[in-house]
Amino acid sequence: MQCGMTNSDPGALGKIFVLHSLQSMLKSLHIQNLALIDDLTLEFGEGLNLLTGETGSGKSIIVDSMGLILGKRAGSDVIRAGADSAKVEAVVELNARVRQFLCCSGIEAGDDWAVFRREISRSGRGRAWINHSAVTLGFLQELGLSLADIHGQQDQQLLQQPNLHIDLLDDFAENSVERAQVEDAYDRMTKLQKQMHAAEIAEHERHQRIEFLQFQIREIEEARLQPDEEEGLLRERNLLTHGEELARLSGEIYQWLYNQDESALGLLSRSMRNLQKLAAIDPELQALEASARNAQFLLEDLSHRMRDYFEAIDFDPARLEQVELRLDRIERLKKKYLGSVSEILKLLPKLKEEQAQLANWEENRLRIADQYATAVKEYQDVAARLSEKRQKAAAAMQKAMETELRSLAMERSRFIVSTQLSEPTRKGIDRIEFLISPNVGEEPRPLAKIASGGELSRLMLALETTLHASGRELMVFDEVDSGIGGRVAETIGLKLKRLASRHQVFCVTHLPQIAAFGDIHFRVGKEVRKGRTFIVVERLDAHSKLQEVARMLAGARIGKSALDHARELISRSSTSRS
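One structure accompanies this document, and this report is about it. Source: prediction; values computed, not measured.

1. Quick notes on the sheet that holds strand β12 (residues 445-446)
Spatially, β10-β11-β12 is the arrangement adopted by the three strands of the open sheet, whose pairing is antiparallel. In the strand order of this sheet, the two ends are held by β10 (414-425) and β12, each with one partner. In this sheet, β12 lies alongside strand β11 (residues 428-437) in antiparallel orientation, the contact comprising two bridges. Across the sheet, the residue bridging to L435 is P446, located in β12.

Structure representation (structure tokens):
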């Protein structure tokens, strides 16, 4: 879901941000140069955190910045005019599961908290960090599944997609173990089905393949390739190609060192005789005499090596031709099989294995067919058990949903979990679809064909409340307060408050009945300074909260009756929280 960062987002009404478990808590949020926000720091707390303000005041930007921390994508258009980049930083208190996830990913976290940072630049490049470790958006998105859910209008659209209803029913029924068993059984079944299909290759294709494999095996075996052969041949070719030059150079060295009148060794011998006479007169020169003797030994060894090297040179044009032909054959095999000599040698046993499998085609086909039949039976068994559990859960979910809908001014609605058998899939043998009849006497119909935006919002709230009752986590909504008021609005506020007793919840609302339930209340507004628009946020104390709820009731002109009504709402919310 893209982050639409605009200063006027009608879909921002009633957005709720739910952080999984009070053990995971968003402690603070620092936003810089994001849309109309210049530099803003917010300190949050446990329970229900509320954002209120006029339409278009920028509440949605704050919620969307939370989405950026969780890996939501955004373009450079979200950067405030005149700035090079936008930055969001959040301090998050971590639960044990998230700490373990970070630890296994090689990211150091404090004892119970981490700093999440996200930066979006004008160039379009975005960067993200957790503490001092750089992470990808994909990593943040995966981690976000363990931290929080942000729900908006697009998520209501997902509710209208029947293919997702089966997942919601399984969430309600806590079918994760059974679902995993069905998925594993389906994967085994389809894998064997593909193998069986491959084993049923037409007979003439099988024979053609066997003949081709035999040719390849024979070609490689007849080549008698050796792992280090090519390297040795290349060196030998180099020596044979330069044989005449090698003989000339080594022969000259031998002549100069030893085998001529004025050779180096001859001159050194005469020098040593003079040096011996000098050392007899001046004993200090005896060390030089020893050095000269060592030099003589070295020159003799070098001359003998050059002689042996010269005599070993065998410039054989016939051998050079043999080497060239062998290297050419190796090169052709390398190009044909697209690999080095060592890779061709590794390919040979694989070719032989495939040949053996095709040669034993009938035996192999029967074996796979037997395994496939067993896998089909296993899938049918686990899928049937899951289907039976879904049938029971469907009735319980219908009852729970209708109970919730009655409290949300949809008491005339009937909620149906339709279950039908389907073709086998990775999710089982059931087709699940949620149907609704909003009025008495109407046949249940798909949500996409009958539910309005406000009804979808309340359906989502009812659904998430129902899922939470079975131990599941909740998500985020959009327009949860659309088209409602009065008693129903108070009921929604109470539901959110009860949710906030187990989770940290952020809610954007325009309804005073919901605002009255807030534990921490922020008022969002806009102001113009030096020709620029800025978003400003004020954390309200008890007096300011009373004023804000009164404003939401009466508008800009707040009178005594509005204040009394606001005071009554806040008081009533306090007494109904239990």
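More follows now that the structure is in view.
2. Considerations on helix α1 (residues 59-69)
Note on helix geometry: an α-helix contains 3.6 residues per turn, so any two residues three or four positions apart are oriented the same way. Buried residues dominate α1, accounting for 11 of its 11 residues. Within α1, burial applies to K59, S60, I61, I62, V63, D64, S65, M66, G67, L68 and I69. At the exit of α1 stands G71, carrying a positive phi of roughly 95°.

3. Topic: the nonpolar core
When a protein is soluble and globular, its nonpolar side chains tend to lie buried together. With 51 residues, the main nonpolar core has L48, L159, M397, V417, F434 and L459 as its most contacted residues. Among the nonpolar cores identified, the runner-up in size contains 46 residues, and L26, L51, I61 and V78 belong to it.

4. Here's the deal with the sheet that holds strand β3 (residues 37-43)
Ordered in space as β3-β2-β5-β6-β7-β8, the six strands form an open sheet in which the pairing is antiparallel. The open sheet is flanked by β3 and β8 (133-135), the only strands paired with a single partner. Going from strand to strand, the sheet's axes swing by 15° on average, the running direction of each strand aside. Bridge count for strand β7 (residues 126-130) against β8 is three bridges, and the pairing is antiparallel. In the sheet register, I130 faces β8, and the bridge partner there is S133. Here α1 sits on the sheet in contact with β2 (25-34), β3, β5 (85-93) and β6 (113-121), set at roughly 105° to β2.

5. Considerations on the pattern of salt bridges
Per the stated rule, a full pass over the model turns up 40 salt bridges. Salt-bridge contacts for D170 lead to R179; the nearest nitrogen and oxygen are separated by 2.6 Å. Just as D170 is buried, R179 falls in that class too. As a salt-bridge pair, D430 and R390 come within 2.9 Å of each other at their nearest N and O atoms. Taken together, the positions of D430 in strand β11 and R390 in helix α14 (residues 361-406) put the pair 40 residues apart, joining distant regions of the chain. Across the pair, exposure class does not vary: D430 and R390 are buried alike. Counted as one network, the salt bridges with shared partners bring together D167, D170, R179, E183, D187, R390, R426, K427 and D430.

What counts and what doesn't
Residues numbered from 1 in each chain as written. Predicted model: local features only at pLDDT ≥ 70, side-chain atom pairs only at ≥ 80, totals over all residues. Heavy atoms only, no water. Pairing = 2+ DSSP bridges. Helix = DSSP H or I, 4+ residues; strand = E, 2+ residues; numbered from the N terminus. Buried < 20%, exposed > 50% of the residue type's maximum accessible area, 1.4 Å probe, protein only. Core = buried A, V, L, I, M, F, W, Y, C linked by side-chain atoms within 4.5 Å. Axes fitted to C-alpha atoms, helices over the stretch in contact; angles between N-to-C directions. Contact = heavy atoms within 4.5 Å. Salt bridge = Lys/Arg side-chain N within 4 Å of Asp/Glu carboxyl O.

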